[in-house]
Amino acid sequence: MKILYFSWLKEKVGKSLEEIEKPNEVHNIKDLIGFLKNSSTKHQNAFKYPKSIKVAVNKEFADFETLINEKDEIAFFPPVTGG
Amino acid sequence: MVRVIVRVQKENFILQNEIDNLKSICKEIPGALSSFVGYVRDFSNGKKISTLTIEHYPGMTEKMLTDISKNASQKWPLLGTLIIHRFGTLNVNDQIVLAASASIHRKAAFEATEYMMDYLKTSAPFWKSERVNKDNVWVEAKLDDELAKDRWK
C-alpha cells in the first residue's frame, strides 16, 4: 500500500510517503491507523487524535470503516483549508 | 455540455484573460458571468502574516475541483465554470483562487460561484500555512466554512 501524509501530519510522521505491505490483520482504515501507531513513536504522536484526521482512499474521501486493499493509495491529512 | 475548466498552478493569473477564456468556450453567449477572487490577507487572528504557503494533494485536488464544478452545473443552468487555485509560497495581497461561472441569467451565475467556493473550502485538499514572525503555522479549518457548505443541501 502507498501511504501519503500532508500538512502537519507529514511533519509529525517525518515523511510524505511510505510504502508498506498490507498486514493480514489490517482490513479497514481504523486497523491501518492502529498498525501505523505501533510502527514508531512519530506515528504514534501523529495519530494521537484520530478525530482530527481525514482520510482518502484512491483520491476519494473515505472514513475509518472503509475497507482497504494492497493496491490502494491511502492519504492522511488534517481538515482542508484552501480557498 | 457545460464547459469546465480546472487548473491548479503555481503561477499567477490575469482575471480578464481567464474570464474572456471562459466566455469563449461557452456554447452560447453568457448573459451573466460571476467571478470570485481570493487574496492573501495580511493579518490572521490579530497576527501579522509575511507569506502564505499552500500545499495540495496532486491528482485528488483536480478531481475534487472537477466534481464540484460538475455538481454546480447540475444544480444551475450553467454554460461554463472555471476554478483556478494556486499553490506554493505567496505574498500578502497575492491572488490565491479564482472561481467563476457563466450562465444566461445572473442568479444562476451568482449562486453557482458561491456554491463552488463553499465546497472548495471544505472538500478540496489544500492546506495553508502562514508565516508569522519566524514560525510557519498551519491554518485550522473553520466551523463556519462547514456550515456555509451545508446550506446548499
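Residues numbered from 1 in each chain as written. Chains lettered and ligands numbered in written order. Predicted model: local features only at pLDDT ≥ 70, side-chain atom pairs only at ≥ 80, totals over all residues. Heavy atoms only, no water.

Student: Just to check I follow, could you spell out the overall build of chain A for this structure?
Tutor: If you tally the helices and strands in chain A, you get three helices and five strands. Starting at the N terminus and ending at the C terminus, chain A contains elements arranged as β-α-β-α-α-β-β-β. Here the C-alpha coordinates of chain A stretch approximately 35 × 30 × 20 Å along the principal axes. Long-range pairs, those at least 24 residues apart, make up 55% of the contacts in chain A with a sequence separation of at least 6. For chain A, the accessible surface area stands at approximately 4,500 Å², while carbon and sulfur atoms represent 49% of it. On chain A, the mean spot of the 13 positive side-chain charges and the mean spot of the 12 negative ones are 7 Å from each other. (Helix = DSSP H or I, 4+ residues; strand = E, 2+ residues; numbered from the N terminus. Contact = heavy atoms within 4.5 Å. Areas by Shrake-Rupley, 256 points an atom, 1.4 Å probe, with all protein chains shown as cover. Lys, Arg positive; Asp, Glu negative; His and termini not counted. Charge placed at Lys NZ, Arg CZ, Asp CG, Glu CD.)

Student: Explain the side chain of Thr 81 of chain B to me, please; I cannot follow it from the model alone.
Tutor: Residue and element names in this part refer to chain B. Along the chain, Thr 81 turns up in strand 5 (residues 78–86). Residue classification places Thr 81 among the buried positions, given a relative accessible area of 0%. Once residues within four sequence positions are removed from consideration, Thr 81 is found in contact with Arg 3, Val 4, Ile 5, Leu 22, Ser 69, Ala 100, Ser 101 and Met 116. (Buried < 20%, exposed > 50% of the residue type's maximum accessible area, 1.4 Å probe, protein only.)

Student: Even after reading the chapter, I still don't get helix 1 (residues 15–25) of chain B, so can you show me in this structure?
Tutor: An α-helix turns once every 3.6 residues. As a result, residues three or four positions apart point the same way. Residues of helix 1 of chain B that are buried: Glu 18, Ile 19 and Leu 22 of chain B. Down the axis of helix 1 of chain B, the smallest arc covering the buried residues is 100°, so these residues share one side. (Arc of directions from axis to C-beta.)

Student: Would you mind going over the sheet that holds strand 5 of chain B with me for this structure?
Tutor: Residues and elements named next belong to chain B. If you trace the four strands from one edge of the open sheet to the other, you get 1-5-7-2, paired in mixed fashion. The sheet terminates laterally at strand 1 (3–9) and strand 2 (32–39), the two strands that pair on one side only. Strand-to-strand twist of the sheet, defined as the mean angle between neighbouring strand axes without regard to direction, takes the value 5°. One ladder, built from seven bridges, connects strand 5 with strand 7 (residues 95–103); its direction is antiparallel. From the neighbouring strand, Thr 81 faces strand 7, where its bridge partner is Ser 101. The strands touched by helix 1 within the sheet are strand 1, strand 2, strand 5 and strand 7, with strand 2 carrying the most contacts at an inclination of about 145°. Along the sheet, helix 2 (residues 60–75) makes contact with strand 1 and strand 5, crossing strand 1 at roughly 150°. (Pairing = 2+ DSSP bridges. Axes fitted to C-alpha atoms, helices over the stretch in contact; angles between N-to-C directions.)

Student: Just checking my understanding: could you explain unusual backbone geometry for this structure?
Tutor: Among all residues save glycine, negative phi is the norm, and among peptide bonds the norm is trans. Unusually for a residue other than glycine, Lys 59 of chain A sits at a positive phi of about 70°. In this structure, Lys 59 of chain A sits in the loop between strand 3 (54–57) and strand 4 (60–62). Here the phi dihedral of Asn 133 of chain B falls at roughly 55°; this positive angle occurs in a residue that is not glycine. When you line up the elements, Asn 133 of chain B lands in the loop between strand 8 (126–132) and strand 9 (135–138). Judged by its relative accessible area of 70%, Asn 133 of chain B falls in the exposed class.

Student: What exactly am I supposed to notice about the interface of chain B and chain A here?
Tutor: A common way to report how large an interface is uses the accessible area buried once the components associate. In this complex, chain B contributes 25 residues to the contact, which on the side of chain A involves 19 residues. A buried area of about 1,800 Å², summed over both sides, lies between chain B and chain A, and 62% of it is on carbon and sulfur atoms. Three residues, Tyr 57, Trp 127 and Trp 138 of chain B, lead the burial of chain B against chain A; their summed loss comes to 37% of the area buried on that side. Put simply, chain B and chain A have two salt bridges between them. (Buried area = accessible area lost by both parts, 1.4 Å probe. Salt bridge = Lys/Arg side-chain N within 4 Å of Asp/Glu carboxyl O.)

Student: Please clarify how empty space enclosed by the protein should be interpreted in this entry.
Tutor: Gaps left between atoms are located by rolling a probe of water-molecule size over the structure's atoms. Residues and elements named next belong to chain A. Per the counting criterion, the structure on display carries one cavity of 30 Å³ or more. A volume near 30 Å³ is recorded for the largest cavity. Lining the largest cavity are Trp 8, Lys 12, Asn 45, Ala 46, Lys 48, Tyr 49 and Ser 52. Of all the elements in the fold, those that place two or more residues in the lining of the largest cavity are helix 1 (7–13) and helix 3 (41–46). (1 Å grid on protein atoms, 1.4 Å probe; cavity = no way out; pocket = protein on both sides within 12 Å on 5 of 7 lines; lining within 4 Å. Points joined across faces, edges and corners; volume = space filled by probe spheres on them.)

Student: Whenever I open this one, the sheet that holds strand 4 of chain A confuses me. Can you help?
Tutor: In sheet architecture, strand pairing relies on hydrogen bonds along the backbone and comes in two forms, parallel and antiparallel. Residues and elements named next belong to chain A. Taken in spatial order, the five strands of this open sheet run 2-1-5-3-4, and their pairing is mixed. Both outer strands of the open sheet, strand 2 (17–19) and strand 4, are each paired with one neighbouring strand and no more. Strand-to-strand twist across the sheet, computed as the mean angle between neighbouring axes with direction ignored, equals 25°. Sheet analysis places strand 1 (residues 2–5) next to strand 2, joined by three bridges and oriented antiparallel. Bridging across to strand 2, Lys 2 finds its partner in Glu 19. Strands in contact with helix 2 (residues 29–37) are strand 1, strand 2, strand 3 and strand 5 (73–77); relative to strand 5, the strand with the most contacts, it is inclined by about 70°.

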